[in-house]
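Chain by chain, the residues:
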Amino acid sequence: MLQRIRGFFGSSLESTQDQSLDHNAVVPYHVAVVMDGNGRWAKKRGLPRTAGHRAGMKVVKNIAIAADEIGIKVLTMYAFSTENWKRPRQEVDFLMRLPEEFLRLELHDLMKHNVQMRFMGALDRLPAYTQETVREAIEQTRSNTGIILNFALNYGGRREITDAIRKLAEDVKEGILLPEEITEESIRSYLLTHDLPDPDLLIRTSGEIRISNFLLWQLAYSELWFTDVYWPDFTREHFYEAIRSFQLRGRRFGGLK
Ligand code: FPP
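What counts and what doesn't
Residues numbered from 1 in each chain as written. Predicted model: local features only at pLDDT ≥ 70, side-chain atom pairs only at ≥ 80, totals over all residues. Heavy atoms only, no water. UniProt positions renumbered as here; feature names shortened; annotations may be inferred. Buried < 20%, exposed > 50% of the residue type's maximum accessible area, 1.4 Å probe, protein only. Helix = DSSP H or I, 4+ residues; strand = E, 2+ residues; numbered from the N terminus. Pairing = 2+ DSSP bridges. Near = heavy atom within 4 Å. Polar contact = N/O pair within 3.5 Å; in protein donor to acceptor, adjacent residues only side chain to side chain. Areas by Shrake-Rupley, 256 points an atom, 1.4 Å probe, with all protein chains shown as cover. 1 Å grid on protein atoms, 1.4 Å probe; cavity = no way out; pocket = protein on both sides within 12 Å on 5 of 7 lines; lining within 4 Å. Sits in = over half its atoms within 2 Å of the grid points. Points joined across faces, edges and corners; volume = space filled by probe spheres on them. Nonpolar A, V, L, I, M, F, W, Y, C, P; charged D, E, K, R; others polar. Contact = heavy atoms within 4.5 Å.

The chain has the name Isoprenyl transferase in an unreviewed UniProt entry, where Fodinisporobacter ferrooxydans is given as its organism. Here the chain is described in UniProt, under the heading Subunit (unreviewed entry), as follows: "Homodimer." Check the Function (unreviewed entry) section of the UniProt entry for the chain; it says "Catalyzes the condensation of isopentenyl diphosphate (IPP) with allylic pyrophosphates generating different type of terpenoids."

Pasting the structure below:
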């Protein structure tokens, strides 16, 4: 899903820092981000990895507001993967506490900007205190009508697809769904993103060029954009650079122009 910038924000565009964007070109509806490089950012500065994660956390709100200002409707951020449990206990504990810190520091501004927070992943496997923060964030921002800031937390693309297939198989067994009714659309309805359009653009920071089990179904036709910049150094200008690159792409979805 795409939309034009013009008309959405009228004169408010002049006050933002996106002067170099083509205001007549389409902006993505849904942008997904792999926020990578926190650890290396910290190492470069002789700091513990956790300092990198905290610095990374501080970037999230600015990018969400920058995205909202140009008319992006959904931002899905990879905050913790199903594979991240393999990290040292202390780092995992820190990451599990980050949503709480994020909410405490940023909720006020997020409310001011009308941001709706969501979380997707195996949320029931998170520590109780993280689940509590997730519930609170969703509850507090539920009625906001601005950008959807969707955190993938304890998320894995293969896990998502596996869970979807299991649920689908149960529905077939129960006679709720007929085998001939299994289509791309019906499969989509079992995914965690069932009420969101697929990402138009995926951004990954830190120079790694892979998907890492993120949104495996949904990224089928997304444009991909990679940068060497570590996530804690990622600014609004870098974000708009990605959007500009997106605006120059010719999307054909397998067809012809
Ligand atoms: C990958 O960098 C980053 C993560 C596993 C965590 C990302 C989380 C945040 C930026 C904070 C999210 C904020 C909230 C509110 C949940 P890495 O540690 O793999 O970096 P490295 O590859 O340099 O080691």
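Some points on the pairing of strand 7 (residues 201–204)
In strand 7, alternate side chains face the same way, and those of Leu201 and Ile203 on one face and Leu202 and Arg204 on the other are all buried. Sheet topology places strand 3 (residues 30–34) next to strand 7; 4 bridges connect them, and they run parallel. What sits directly across from alanine 32, in strand 7, is leucine 202. Sheet analysis places strand 7 next to strand 8 (residues 223–226), joined by 4 bridges and oriented parallel. Bridging from a neighbouring strand, leucine 201 pairs with glutamate 223 of strand 8.

Concerning the site of the ligand
Surrounding the ligand, one finds 18 residues, the nearest of these being Gly39, Arg40, Arg49, His53 and Arg87. In the model, an oxygen atom of the ligand is placed 3.2 Å from a nitrogen or oxygen of the asparagine 38 main chain. At 2.7 Å from an oxygen atom of the ligand is found a side-chain nitrogen or oxygen belonging to arginine 87. For the ligand, the protein covers 91% of the area, taking 620 Å² as the surface of the free molecule. With respect to the pocket detection grid, the ligand is positioned in the largest pocket. Listed by contribution, the elements that provide at least two residues to the shell around the ligand are helix 2 (38–44), helix 3 (49–69) and helix 4 (89–112). Sort the elements by how many residues they give to the shell around the ligand and helix 3 lands first, with 4 residues.

Comments concerning unusual backbone geometry
Phi angles above zero are rare outside glycine, and asparagine 213 is one such case at about 65 degrees. Along the chain, the position of asparagine 213 falls in the loop between strand 7 and strand 8. Although it is not a glycine, leucine 215 adopts a positive phi angle of roughly 45 degrees. As for its placement among the helices and strands, leucine 215 is situated in the loop between strand 7 and strand 8. On the accessibility criterion, leucine 215 (0% relative accessible area) is buried.

Observations regarding the layout of surface pockets
A water-sized probe, rolled over the atoms, reveals where empty space remains. By volume, the largest pocket amounts to about 720 Å³. If you trace the largest pocket, you find 33 residues lining it, with Met35, Tyr78, Ala79, Phe80 and Asn84 closest to the centre. Broken down by secondary-structure element, the contributors of at least two residues to the lining of the largest pocket are helix 2, helix 3, strand 4 (74–81), helix 4, strand 5 (116–120), helix 5 (128–141) and strand 6 (148–155). By residue class, the composition of the lining of the largest pocket is 18 nonpolar, 9 polar and 6 charged.

What about the pairing of strand 3?
Where burial is concerned, most of strand 3 is hidden: 5 out of the 5 residues are buried. Neither face of strand 3 is left uncovered, since the one carrying His30, Ala32 and Val34 and the one carrying Val31 and Val33 both have all their residues buried. Note that strand 3 and strand 4 share 5 bridges and pair parallel. Bridge pairing links histidine 30 to valine 74 in strand 4.

Observations concerning the UniProt feature "binding site: Mg(2+)" (unreviewed entry) in the chain
In the numbering used here, UniProt assigns the "binding site: Mg(2+)" (unreviewed entry) feature to Asp36 and Glu223. Taken from the residues named earlier, the lining of the largest pocket is made up of Asp36. Judged by relative accessible area, aspartate 36 falls into the buried class, the value being 17%. Those residues within four positions of aspartate 36 in sequence are excluded, and the remaining contacts are Arg204, Thr205, Ser206, Glu208, Tyr230 and Trp231. Judged by relative accessible area, glutamate 223 falls into the buried class, the value being 15%.

Thoughts on the environment of glycine 121
Here glycine 121 shows up in the loop between strand 5 and helix 5. A sequence separation of 118 residues divides glycine 121 from phenylalanine 239, and the C-alpha atoms of the two residues are 25 Å apart.

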